[in-house]
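So the chains spell out like this:
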Amino acid sequence: MSVINDEAGTVDPTVEPSRDGLMDVIWEQQRFHEHRRWSAVEFLGAVDTRSLGENDRTYVWNFGRAELTTKPGADRLARLSDSECRKWVGKDDVLASVLQACGTWSRYWNEEEAHHESVLTHLSRMLSCEPIRDDVVIRYREIFGDDDMLRTLFLLAISEINATVFYTSMASKVKDEGLRARALVDSGKYSPRSVLAVAHLFVRPGGELYGSARDRVEDRRHINWWDHLEFKGAERPDDHDRQRKLIFAFVEDVTSIAVNSAEEVEDRWLEMVG
Ligand SMILES: [Fe+2]
């Protein structure tokens, strides 16, 4: 081990360790995680609640509730990555390592999401918004059932795109997905069809992208946070054009298939379904 570099075995953190495959990736994840650490307690300490208006309260309350669903997302990613990893051990060891790295990443993602949830839900309490009852927390925490790994990754990434657009759009009025879906497509073991199917689910007319703005929101077992936003009088922070563009760019990143409209997503998807 190159990091132990004197007779007493003292560890010198400045010495580059040898390249070790999965352990090397995990170290990079740890470094990245430490690099972007921040404190929810300090963040809230700097907020002047008197400067926040009624619309701000509505946004904070909605997104505090939405963030409750990120823990089951990351928990699901951890469980699914490990079971998928075990499927490929001995058959495609590189893919097995990618999946294990993905499962390991879920612990940092979960920890980061804990900050988002805590900041928004606690701020919502500081602002005396409608309390989030225990039964709501329990309902929002339910873990989705198992699905194809690539579909799961792509759905979680689109959910993050939606959150990014909402947050930046809200910030103008008052996340790196961290998910290596590309490696799954490159392995040849996961079909890009899954990516197009999930993209289509979101961008089709009346699709998931339009969330609670749709005339009819499906009744389903699990909570999709975008179905449950209640903006009351506040302006919706949607920017469907930007959301679609980011989704199209992400489809191309992962599959190398260029798409520029909801119709093209549908066409490419139908061609693959055959
Ligand atoms: Fe978040």
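Now for a quick tour of the structure. Sequence order as written defines residue numbering, which begins from 1 separately in each chain. Given that the model is predicted, a residue must reach a pLDDT of at least 70 before its local features are reported, and side-chain atom pairs must reach 80 or more before they are shown or counted; all residues, however, enter totals for whole chains, interfaces and linings.

A run of DSSP states H or I qualifies as a helix once it reaches four residues; a run of E qualifies as a strand once it reaches two. Both are numbered from the N-terminal end. Across its full length, the protein chain carries 11 helices and zero strands. Element order for the protein chain, N to C, with α for helix and β for strand: α-α-α-α-α-α-α-α-α-α-α. Taken along the three principal axes of its C-alpha coordinates, the protein chain extends 65 × 55 × 35 Å. Looking at the protein chain residue by residue over its 274 residues, the buried ones come to 30%. Residues with at least 20 neighbouring C-beta atoms inside 10 Å of their own are called buried, those with 12 or fewer are called exposed, and the rest are partly exposed, where every C-beta is derived from the backbone.

For Ser128, which is not glycine, the phi torsion reads 55° and is therefore positive. Within the element layout of this structure, Ser128 appears in the loop between helix 5 (93-126) and helix 6 (134-140). Look at Ser128 and you get exposed, because 9 C-beta atoms sit within 10 Å.

This part is about the packing of helix 4 (residues 70-88) against helix 5. Working note: a packed helix pair is described by the angle between its axes plus the distance between those axes. Interaxial angle, 0 to 180 degrees, is taken between N-to-C directions of lines fitted to C-alpha atoms, where a helix line uses only the stretch in contact. Where helix 4 contacts helix 5, the two axes come as close as 8 Å, and the packing angle between them is 170°. Regarding the angle of helix 4 to helix 5, the classification is roughly antiparallel. Every residue of helix 5 that contacts helix 4 at Thr70, Lys71, Ala74, Leu77, Ala78, Ser81, Asp82, Glu84, Cys85 and Trp88 is listed here: Leu95, Ala96, Leu99, Gln100, Cys102, Gly103, Ser106, Trp109, Asn110, Glu113, His116 and Glu117. Throughout, the ten residues Ala, Val, Leu, Ile, Met, Phe, Trp, Tyr, Cys and Pro are labelled nonpolar, Asp, Glu, Lys and Arg are labelled charged, and all others, Gly among them, are labelled polar. Its residues placed into classes, the contact of helix 4 with helix 5 shows 10 nonpolar, seven polar and five charged. Any angle that falls under 35 degrees is termed roughly parallel, while one over 145 is termed roughly antiparallel, one within 65 to 115 roughly perpendicular, and all others oblique. We call two residues in contact if the C-beta atoms placed from their backbones are at most 7 Å apart.

A word on helix 4. Between its first and last C-alpha, helix 4 extends 27 Å over 19 residues, near the 27 Å set by a 1.5 Å rise per residue. Looking at helix 4, one finds that the buried residues are Thr70, Gly73, Ala74, Leu77, Leu80, Ser81 and Glu84. Down the axis of helix 4, the sector holding all buried residues measures 135°, keeping them to one side. Along helix 4, exposed side chains directed more than 90 degrees from the buried face belong to Ser83 and Arg86. Each helix should span, by expectation, one fewer than its residue count multiplied by 1.5 Å. Of all possible arcs, the one meant is that of the directions from the helix axis to the C-beta atoms.

Time to look at the packing of helix 9 (residues 192-203) against helix 10 (residues 240-255). The N-to-C vectors of helix 9 and helix 10 enclose an angle of 175°; their axes lie 10 Å apart at closest approach. By the angle between their directions, the pair helix 9 and helix 10 is classed as roughly antiparallel. For the pair formed by helix 9 and helix 10, the contact residues are Pro192, Val195, Leu196, Ala199, Phe202 and Val203 on the first element and Arg244, Ile247, Val251, Val254 and Thr255 on the second. Among the residues making up the contact of helix 9 with helix 10, the classes are represented as nine nonpolar, one polar and one charged.

With that settled, consider the environment of Ala74. Tracing the sequence through the fold places Ala74 in helix 4. Placed 34 residues apart in sequence, Ala74 and Tyr108 show a C-alpha to C-alpha distance of 9.3 Å. Excluding residues within four positions of it along the chain, Ala74 makes contact with Ser106, Trp109, Asn110 and Glu113.

With that settled, the discussion passes to the nonpolar core. For this entry, the nonpolar core is defined as buried Ala, Val, Leu, Ile, Met, Phe, Trp, Tyr and Cys residues connected by C-beta atoms within 7 Å. With 40 residues, the main nonpolar core has Leu150, Phe154, Ala199, Ile247 and Val251 as its most contacted residues. Of all the elements in the fold, those that place two or more residues in this core are helix 4, helix 5, helix 7 (149-173), helix 8 (181-186), helix 9, helix 10 and helix 11 (262-273). Sort the elements by how many residues they give to this core and helix 7 lands first, with 11 residues. Membership of the second largest hydrophobic core comes to 11 residues, among which are Tyr59, Val60, Ala66 and Leu120.

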